[in-house]
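So the chains spell out like this:
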Amino acid sequence: MEKKKLSLPVQIVIALILGIVVGLAFYFMGKPEITTNYLKPFGTIFVNLLKFIVVPVVLLSMIDGIISMGDMKKVGSVGWKTVAYFLVTTAVACVIGLVFANIFNNVGLFPTLQLVDGQVWEKATSANFMDTLIGIFPSNLWESFRTSNMLQVIVIAILLGGGILAAGEKGKLAQDMVTSLYAVIERVMAFIISLSPIGVFTMMAWVVATQGPEILGSLGIVLGCAYLGYIVHAVLCYSVSAKAFAGVNPITFFKKASPAMIFAFTSTSSAATIPLSMECSEELGAENDVSSFVIPLGATINMDGTAIYQCVATIFLATCCGMTLTVGQMVTIVVTATLASIGTAGTPGAGMIMLAMVLQAMNIPVDMIMIIYGVDRLFDMGRTCLNITGDISCALCVTKWESKKAAEVK
Ligand code: ASP
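These numbers come from a predicted model, not from an experiment.

A. The arrangement of the overall build of the chain in detail. In terms of regular secondary structure, the chain is built from 17 helices and 0 strands. When burial is assessed residue by residue, the chain has 53% of its 410 residues classed as buried. Within the chain, counting contacts between residues at least 6 apart in sequence, those at least 24 apart form 83% of the total. About 17900 Å² of surface is accessible on the chain, with carbon and sulfur atoms providing 69% of the total.

B. Local environment of the packing of aromatic side chains. All told, the structure shown has 10 aromatic pairs when counted by the stated rule. Note on Phe110 and Phe316: the rings are 5.1 Å apart at their centroids and 90 degrees apart in plane angle, and the pair reads as edge-to-face. Linking Phe110 in the loop between helix 3 (72–106) and helix 4 (129–136) with Phe316 in helix 13 (residues 304–320), this pair joins segments that are 206 residues apart in sequence. Judged by relative accessible area, Phe110 falls into the buried class, the value being 5%.

C. Summary view of the site of the ligand. Residues in close proximity to the ligand total 17 residues, the closest being Ser270, Thr306, Gly351, Asp380 and Arg383. Between the ligand and Thr306, the relevant distance is 2.7 Å, taken from an oxygen atom to a side-chain nitrogen or oxygen of the residue. Measuring from an oxygen atom of the ligand, one finds a backbone N or O atom of Gly351 at 2.6 Å. Burial of the ligand by the protein amounts to 100% of the accessible area it has alone, namely 270 Å². For the shell around the ligand, the leading source of residues is helix 17 (residues 376–403), giving 4 residues. For the shell around the ligand, a count of residues per class yields 4 nonpolar, 11 polar and 2 charged.

D. Region of interest: the nonpolar core. Of all hydrophobic cores here, the largest spans 124 residues; its most connected members are Phe316, Ile369, Ile371, Ile372, Phe379 and Ile392. With 13 residues, helix 2 (residues 32–68) is the single largest residue contributor to this core.

E. Examining the side chain of Asn302 more closely. Structurally, the position occupied by Asn302 is in the loop between helix 12 (288–301) and helix 13. Side chain to side chain, Asn302 and Thr90 meet in a polar contact 3.5 Å long. For Asn302, the residues in contact, after removing those within four places along its chain, are Phe86, Thr89, Thr90, Leu297, Asn387, Gly390 and Asp391.

Cut-offs and rules
- Residues numbered from 1 in each chain as written.
- Predicted model: local features only at pLDDT ≥ 70, side-chain atom pairs only at ≥ 80, totals over all residues.
- Heavy atoms only, no water.
- Helix = DSSP H or I, 4+ residues; strand = E, 2+ residues; numbered from the N terminus.
- Buried < 20%, exposed > 50% of the residue type's maximum accessible area, 1.4 Å probe, protein only.
- Contact = heavy atoms within 4.5 Å.
- Areas by Shrake-Rupley, 256 points an atom, 1.4 Å probe, with all protein chains shown as cover.
- Phe/Tyr/Trp six-rings, centres within 6.5 Å; stacked < 30°, edge-to-face > 60°.
- Near = heavy atom within 4 Å.
- Polar contact = N/O pair within 3.5 Å; in protein donor to acceptor, adjacent residues only side chain to side chain.
- Nonpolar A, V, L, I, M, F, W, Y, C, P; charged D, E, K, R; others polar.
- Core = buried A, V, L, I, M, F, W, Y, C linked by side-chain atoms within 4.5 Å.

The analysis is restricted to geometry; functional conclusions fall outside its scope.
Here it is, written out as structure tokens:
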């Protein structure tokens, strides 16, 4: 990777610009079908690879995460408070994302794309709550994998992860196998992600050629919608919880958290930001043993920014392919996006891979991802920044709940 002259984000930006230029050229030449026939197939190959990797990534990363929570029992009360904080704030993030996406959608800011030459988007099928509930539980392991039924894959991961922990010594081999397979799958995922410039170029050219220049304005709008969600969540959730639970002034909170926030914004990796997040949380008064538990766990499973992004992107893409989602389906988005953000690795672009899972759960064609893929880095910067801010605020709150006294700002 390091030997390459251009880093992946730079390659993606170049591919994006080239794709727009080529797409506009074919649009104004009145020959968009050339992009459909000769460029889009390569984008489809890339999307197929993404679809292929999503089941093993979700399965293995979740089992691996559950196994590593084995020692959470030891950490007892810190563990459940942390996880409760993560779950509540992530669910709130999903709701904020959905509210903004629906407002933008209802005032007609999200477009419905035209279909090209008899092409059909599969429609989302609405099911009632009980059917949805029954549908979460698998009846056949391979069937769940074959149909990429992500909610069922998550249930399988939870059951297998729990089983491995419960089996103790005898589960050791399975534990090692999961860890080793996950390392392998991570490499495969890195390879597929390295192909993304090809996917971005071909799909962007196709989208712009078939939809015209208006689609570019829509991308700016959906980005604005996500950032509005990020900011409102930071102000609402983190400043309120820092003040109410940890007794820290919101301005002090954001000021002292800013080194980690800026690093996350530029690196787009929660994992790489761990050392800085720990330092900032301790500066703000979190206890060392709490922050050394909460921050790494949060960098792995607490992704509020990712959750907002997944909700906004799902509504945007659903509208693009002409779907109107019911309230029941919105609830499914909250549940799936919360789980998907938990399963998202704290690495650049990981939230986009998990978006495929949310789309699959909603029966939205995964190909649609390519519409926003090219600008994913811009979404990622904001969501990673929010992700780690949530970890820092959690460390402060848990410190306070554990010590029963306000965290002292140094
Ligand atoms: N880049 C994000 C993070 O590291 C994950 C994501 O892509 O949403 O927190």
